[in-house]
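Listed below, chain by chain, are the residues.
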Amino acid sequence: MIPYVTEQGEKVGIKFKYEGKIGNTFDSHRLVEFAKDKGKQDELVDTLMSYYFEQKRDISDKGTLNEIASKVGLDAKAFLESKEKEELVAEELLNARRMQITGVPAFIINNKYLVSGAQDTSTWEEVLKEEGYEFKSS
């Protein structure tokens, strides 16, 4: 799967390196929620993913998370030292476990289908056709 994802990433300018430190990303998830409240969620997630997948950075480190927040115009130092959003993120993780989500990305379509991990176009087309979407040939 890694060669496939690497190849697909290259097509859209993402240079996956798969050498980032694997650690506890609980604070990363808290930071995403913080950014969501400020209207910066997408920008923060893009930067977070770049730091991990392309720059091989440790996204479990609070210093790194502060750097990422600053890059998108957020001051998150006090937030990251607090317990704010811990209950929300813990509840989201519990819900994911209840739905048997064990990896990311994970997409739930109309509360019926769970699509987990990197999938090719045909998988998405199959799921979406089941939900009544039609596709035009290109």
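The structure under discussion appears in the preceding block.
A brief look at the structure comes next. Keep in mind the model is a prediction, meaning the values are calculated, not measured.

What follows is about the side chain of Thr-47. In this fold, Thr-47 is placed in helix α3 (residues 41-54). By relative accessible area, Thr-47 is classed as buried at 15%. Among the polar contacts listed, one links the side chain of Thr-47 to the backbone oxygen of Glu-43, at a separation of 2.9 Å. Ignoring anything within four residues of it in the chain, the contact list for Thr-47 reads Ile-68, Lys-71 and Val-72.

Our next topic: the pairing of strand β2 (residues 113-116). Sheet analysis places strand β1 (residues 106-109) next to β2, joined by 4 bridges and oriented antiparallel. Its bridge partner being in β2, Ile-108 is matched across the sheet by Leu-114. Between the end of β1 and the start of β2, which pair antiparallel, lie 3 residues, with Asn-110 showing a positive phi angle near 50 degrees.

Positionally, Arg-30 belongs in helix α2 (residues 26-37). The class of Arg-30 is buried, set by a relative accessible area of 0%. Here Asp-27 takes part through its side chain, which lies 2.7 Å from a polar atom of the side chain of Arg-30. In this structure the side chain of Arg-30 is engaged in a polar contact, spanning 2.8 Å, whose partner is the backbone oxygen of Glu-84. Apart from the residues within four sequence positions on either side, Arg-30 is in contact with Phe-79, Leu-80, Ser-82, Lys-83, Glu-84, Lys-85, Glu-86 and Val-89.

What follows covers the packing of aromatic side chains. Taken as a whole and assessed by the stated rule, the structure comprises 3 aromatic pairs. For the ring pair Phe-34 and Phe-79, a centre distance of 4.4 Å and an interplane angle of 25 degrees mean the geometry is stacked. Residue Phe-34 is found in helix α2, and its partner Phe-79 is found in helix α5 (residues 77-81); the two are separated by 45 residues along the sequence. Grouping residues by exposure puts Phe-34 and Phe-79 together as buried. Ring centres of Phe-107 and Trp-124 lie 5.0 Å apart, and the angle between their planes is 75 degrees; this geometry places the pair in the edge-to-face category. Of this pair, Phe-107 sits in strand β1 while Trp-124 sits in helix α7 (residues 121-130), and the two are 17 residues apart along the sequence. The exposure class assigned to Phe-107 is partly exposed, which follows from its relative accessible area of 36%. It is Arg-30 that lies over the ring of Phe-79; its NZ or CZ is 4.6 Å from the centre.

Calculation criteria
Starting from 1, residues in each chain are numbered consecutively following that chain's sequence as written. Reporting of local features is limited, given that this is a predicted model, to residues whose pLDDT is at least 70; pairs of side-chain atoms are given and counted only at 80 or more, and all residues count toward the totals for whole chains, interfaces and linings. Excluding hydrogens and water, the side-chain figures rest on all heavy atoms present in the structure. By definition, any uninterrupted DSSP run of H or I lasting at least four residues is a helix, any uninterrupted run of E lasting at least two residues is a strand, and each is numbered from the N terminus. Buried means the residue's accessible area, taken with a 1.4 Å probe over protein chains only, is under 20% of the maximum for its type, while exposed means over 50%, and partly exposed covers the values in between. Identification of polar contacts relies on pairs of N or O atoms within 3.5 Å, with a donor-acceptor requirement for protein atoms, meaning one able to donate a hydrogen and the other able to accept it, and with residues adjacent in sequence counted only if both atoms are side-chain atoms. Here, two residues are considered to be in contact whenever any of their heavy atoms come within 4.5 Å of each other. Any two strands between which DSSP finds at least two bridges are classified as paired. Aromatic rings from Phe, Tyr and Trp, with only the six-membered ring used for Trp, were paired whenever their centres fell within 6.5 Å, and each pair was classed as stacked if the ring planes differed by under 30 degrees, edge-to-face if by over 60, and tilted otherwise. A ring is considered to have a charge above it if a Lys NZ or an Arg CZ atom is located within 6 Å of its centre and within 35 degrees of its normal.

Functional significance is not addressed by these values, which are geometric in nature.
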